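# What the coordinates show
This is what each chain is made of:
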Amino acid sequence: MSAGHTAVTTPARSAVIDEPVITCDTPQEECGVRDVLDRLGDRWSVYVIVELNSGVKRFKQLQRAIPGGISQRMLTLTVRRLERDGLVKRTVYATVPPQVEYELTELGHSLTHLVKALADWSIAHRPAIAAAREEWDAENPGSSVR
């Protein structure tokens, strides 16, 4: 356990979740988790990781492969952040115009099984989540939570 972690608690539904939950000293403390979750919780990083899992891609290939129409600027920011975190490797070739390729690092590849598990969970539970949302919306008409 790192210095920032002070307690290990068991979730209330331990029959469903066998893993302990690690808590921090204070609610404001980072614990090293928030940075990673912020990166993976943004709109585009998971898409980039998923696309690069299949192999090296040039910038435009990567941009076209990502659903939802990511802008050039947003893709540039996303891959720079992932590169800074050590998840993506950027290679520039001295051509005119310069050719740039992106690939996952070993660290980036180690994350893909977690991303796949999250995607699998999302697909498997999509109907239950949709039903829960419909039920909640029916019970809370006019709510701005959506």
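So, here's what we can say about the structure. (Residues numbered from 1 in each chain as written. Predicted model: local features only at pLDDT ≥ 70, side-chain atom pairs only at ≥ 80, totals over all residues. Heavy atoms only, no water.)

## Things to note about the pattern of salt bridges
Where side chains of opposite charge bring their charged atoms close, a pairing between them can arise. Which entries qualify depends on this criterion: The rule for a salt bridge is simple: a side-chain nitrogen of Lys or Arg has to be within 4 Å of a carboxyl oxygen of Asp or Glu. Numbering of helices and strands starts at the N terminus; helices are DSSP runs of H or I of at least 4 residues and strands are runs of E of at least 2.
In total, this model carries one salt bridge according to the counting rule given. Asp 120 is paired through a salt bridge with Lys 116; the nearest N and O atoms lie 2.7 Å apart. Remark: Lys 116 and Asp 120 occur in helix H5 (residues 106–139); sequence separation between them is four residues, near one turn of the helix.

## Here's the deal with a positive patch on the surface
Selection criterion: Like-charged residues are merged into a patch within 9 Å and nonpolar side chains (Val, Leu, Ile, Met, Phe, Trp, Tyr) within 5 Å, provided each residue has over 30% relative accessible area and no salt bridge. Method for areas: the Shrake-Rupley scheme with a 1.4 Å probe, in which residue coverage is limited to the protein chains shown. His residues and chain termini do not enter the charge count, which takes Lys and Arg as positive and Asp and Glu as negative. For this purpose, a charge sits on NZ of Lys, CZ of Arg, CG of Asp or CD of Glu. Each residue gets one of three labels from its accessible area relative to the maximum for its type: buried under 20%, exposed over 50%, partly exposed in between, using a 1.4 Å probe on protein chains only.
A cluster of basic side chains, namely Arg 73, Arg 80, Arg 81 and Arg 90, defines a positive patch on the protein surface. Along the chain, Arg 80 falls in helix H4 (residues 72–84). Accessibility expressed as a relative area gives 54% for Arg 80, which makes it exposed.

## Comments concerning the environment of Ser 54
Quick reminder of the rule: Polar contact is defined as a pair of N or O atoms within 3.5 Å, subject to the rule that within protein one atom must be able to donate a hydrogen and the other to accept it, and that residues adjacent in sequence are counted only when both atoms are side-chain atoms.
In this structure, Ser 54 sits in the loop between helix H2 (45–53) and strand S3 (57–58). Each C-alpha atom, one on Ser 54 and one on Glu 103, is 9.0 Å from the other, the two residues being 49 residues apart in sequence. Of note is the side chain of Ser 54, whose polar atom sits 2.9 Å from the side chain of Lys 57.

## Focus on the packing of H2 against H4
Our working definition: A fitted line through C-alpha atoms serves as each axis, taken over the contacting stretch for helices, and the angle formed by two N-to-C directions is quoted from 0 to 180°. Orientation categories follow fixed angle ranges, with anything under 35 degrees roughly parallel, anything over 145 roughly antiparallel, 65 to 115 roughly perpendicular, and all other angles oblique. Whether two residues are in contact is decided by their heavy atoms: any pair within 4.5 Å suffices. Residue type decides the class: Asp, Glu, Lys and Arg count as charged, Ala, Val, Leu, Ile, Met, Phe, Trp, Tyr, Cys and Pro as nonpolar, and the leftover types, Gly among them, as polar.
For the pair H2 and H4, interaxial distance at closest approach is 10 Å and the crossing angle is 75°. Relative to H4, the element H2 lies roughly perpendicular. Packed against H2, whose contacting residues are Ser 45, Val 48 and Ile 49, the element H4 presents Leu 75, Thr 78, Val 79 and Leu 82 at the interface. Its residues assigned to classes, the contact of H2 with H4 shows five nonpolar, two polar and no charged.

## Some points on the pairing of strand S5 (residues 99–104)
Formally: A pair of strands counts as paired when DSSP detects no fewer than two bridges linking them.
Alternating residues of S5 divide into Val 100, Tyr 102 and Leu 104, all buried, and Gln 99, Glu 101 and Glu 103, none buried. Both S3 and S5 contribute to a ladder of two bridges, which runs antiparallel. Bridge assignment links Arg 58 to a residue of S5, and that residue is Glu 101.

## Focus on the sheet that holds S3
One open sheet holds the three strands; their spatial order is S3-S5-S4, and the pairing between them is antiparallel. Two strands lie at the open edges of the sheet, namely S3 and strand S4 (88–93), each paired on one side alone. Against the sheet, H2 contacts S3, S4 and S5, and its axis sits at roughly 95° relative to S5.

## Focus: the side chain of Ser 45
Looking at the element boundaries, Ser 45 is found in helix H2. Setting aside anything within four residues of it in sequence, one finds Ser 45 in contact with Arg 39, Thr 78 and Leu 82.

## Brief notes about the packing of H2 against H5
Convention followed: Two helices crossing with the near one rotated counterclockwise from the far one by less than a right angle form a left-handed crossing, whereas a clockwise rotation gives a right-handed crossing.
Contact geometry of H2 with H5 gives a least axis separation of 10 Å together with a crossing angle of 110°. Considering their axes alone, H2 and H5 lie roughly perpendicular with respect to each other. Two packed elements cross with a definite hand, and for H2 against H5 that hand is left-handed. Across the interface between the two elements, Val 46, Ile 49, Val 50 and Asn 53 of H2 pack against His 109, Leu 111, Thr 112 and Val 115 of H5.

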